[in-house]
Amino acid sequence: IVVYYYIVADNYNPVSGSNTITVNKATAKPVVSMNDYTYAGTVSEPSISGVNEDATVTYYYSSENKTTGGIKWENITNTTLDAGDYFMYAEVAATSNYEAVVTDAVSFKVNKAQGFVNLVNDTGSMTYGTDKHSFVIDSTHGGEIILTSKVGGTNVGNATLGNDGNTVTVTGLGSLSAGTIVTVTVTSAENTNYLEASATYTLTINSVSGVTLVVTLPESSYVYDGESKTPTPTSVTANGTTLNSSD
């Protein structure tokens, strides 16, 4: 800017001239804000305050607390970033009256999502005397599968996951009595982006149906003597198979 002047004072000759004055651009101090969000949930968007004259703002994120070399915040979906700790900063472009500036970085977190385990069916049954039973996992969040099978608080049988990654088979159940309820817990462990989750399958042991029992007694007849008789079977067979006392 050129400033022209003309000065008149008593006892002095008039003076005129000009000077050039430079008006430097101001430096703004904008501040970035960024909220936490949950993996696979609604993504938070960065915002900024203290920007003048509609300056162009470009946001960058990084896993380190720095203000250079970040990744441009664009086309971000709810699964772009793994769960973890991040930092956000912004580059604000120069305008007519303000210099370009880079903000300080602020921290934000992508939290782990709640995990999930879905079964095709969560109940089932099997007939007494059957050794094994299978059911199918529909979907999980991808954590390592951990299986337990219990009656009350006691481990029973052996639960294993098939090669297909979906079929659970519990073996060693043949000795359980009818009416027993076996609880099989399917757990998908915590992983990079999800917390641990579990689902429960309830298996009921049913009585054998359609079986003809034949009871053999030690005596086929008694002579009346006024006393009650309590015969003890010498054998019991079911469809030709001899049962033992545990059956």
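Residues numbered from 1 in each chain as written. Predicted model: local features only at pLDDT ≥ 70, side-chain atom pairs only at ≥ 80, totals over all residues. Heavy atoms only, no water.

**Q** Just to check I follow, could you spell out the pattern of salt bridges for this structure?
**A** Side chains carrying opposite charge are able to pair once their charged atoms draw close together. For the structure on display, the rule yields 3 salt bridges. Salt-bridge contacts for Lys 72 lead to Glu 74; the nearest nitrogen and oxygen are separated by 3.8 Å. For Lys 72, a relative accessible area of 42% gives the class partly exposed. The partly exposed category is assigned to Glu 74, whose relative accessible area is 42%. (Salt bridge = Lys/Arg side-chain N within 4 Å of Asp/Glu carboxyl O. Buried < 20%, exposed > 50% of the residue type's maximum accessible area, 1.4 Å probe, protein only.)

**Q** What should I look at first to understand the pairing of strand β2 (residues 12–20) in this one?
**A** Residues in a regular strand point their side chains to alternate faces of the sheet. Where strand β1 (residues 2–9) meets β2, 7 bridges bridge the pair, whose relative direction is antiparallel. Following the sheet pairing, Ala 9 is matched in β2 by Tyr 12. Once β1 ends, the chain turns through 2 residues before running back antiparallel as β2, passing Asn 11 with a positive phi of about 70°. (Pairing = 2+ DSSP bridges. Helix = DSSP H or I, 4+ residues; strand = E, 2+ residues; numbered from the N terminus.)

**Q** Got a minute to help me understand the environment of Gln 114 in this structure?
**A** One can find Gln 114 in the loop between β10 (106–111) and β11 (117–119). Measuring from C-alpha to C-alpha, the distance between Gln 114 and Ala 197 comes to 7.4 Å, with 83 residues separating the pair along the chain. For Gln 114, the residues in contact, after removing those within four places along its chain, are Tyr 194, Leu 195, Glu 196 and Ala 197. Separated by 3.4 Å, the side chain of Gln 114 and the backbone oxygen of Glu 196 make a polar contact. (Contact = heavy atoms within 4.5 Å. Polar contact = N/O pair within 3.5 Å; in protein donor to acceptor, adjacent residues only side chain to side chain.)

**Q** I tried to follow the packing of aromatic side chains on my own but got confused; where do I start?
**A** One pair of aromatic rings is described through two measures. These are the centre distance and the angle between the planes. The final tally for this structure, using the stated rule, is 8 aromatic pairs. Ring geometry for Tyr 61 versus Trp 73: centroids 5.7 Å apart, planes at 90°, classification edge-to-face. With a gap of 12 residues between them, Tyr 61 in strand β6 (residues 57–62) and Trp 73 in the loop between β7 (71–72) and β8 (84–92) connect regions that are remote in the sequence. Taken individually, Tyr 61 and Trp 73 each receive the classification buried, so the pair is uniform in this respect. Between Phe 116 and Tyr 194 the ring centres are 6.0 Å apart and the planes differ by 85°, which places this aromatic pair in the edge-to-face class. Of this pair, Phe 116 sits in the loop between β10 and β11 while Tyr 194 sits in the loop between β18 (181–188) and β19 (197–206); the two residues are 78 residues apart in sequence, bridging distant segments of the chain. A connected cluster of aromatic rings, assembled from ring pairs, spans Tyr 61, Trp 73, Tyr 86 and Phe 108. (Phe/Tyr/Trp six-rings, centres within 6.5 Å; stacked < 30°, edge-to-face > 60°.)

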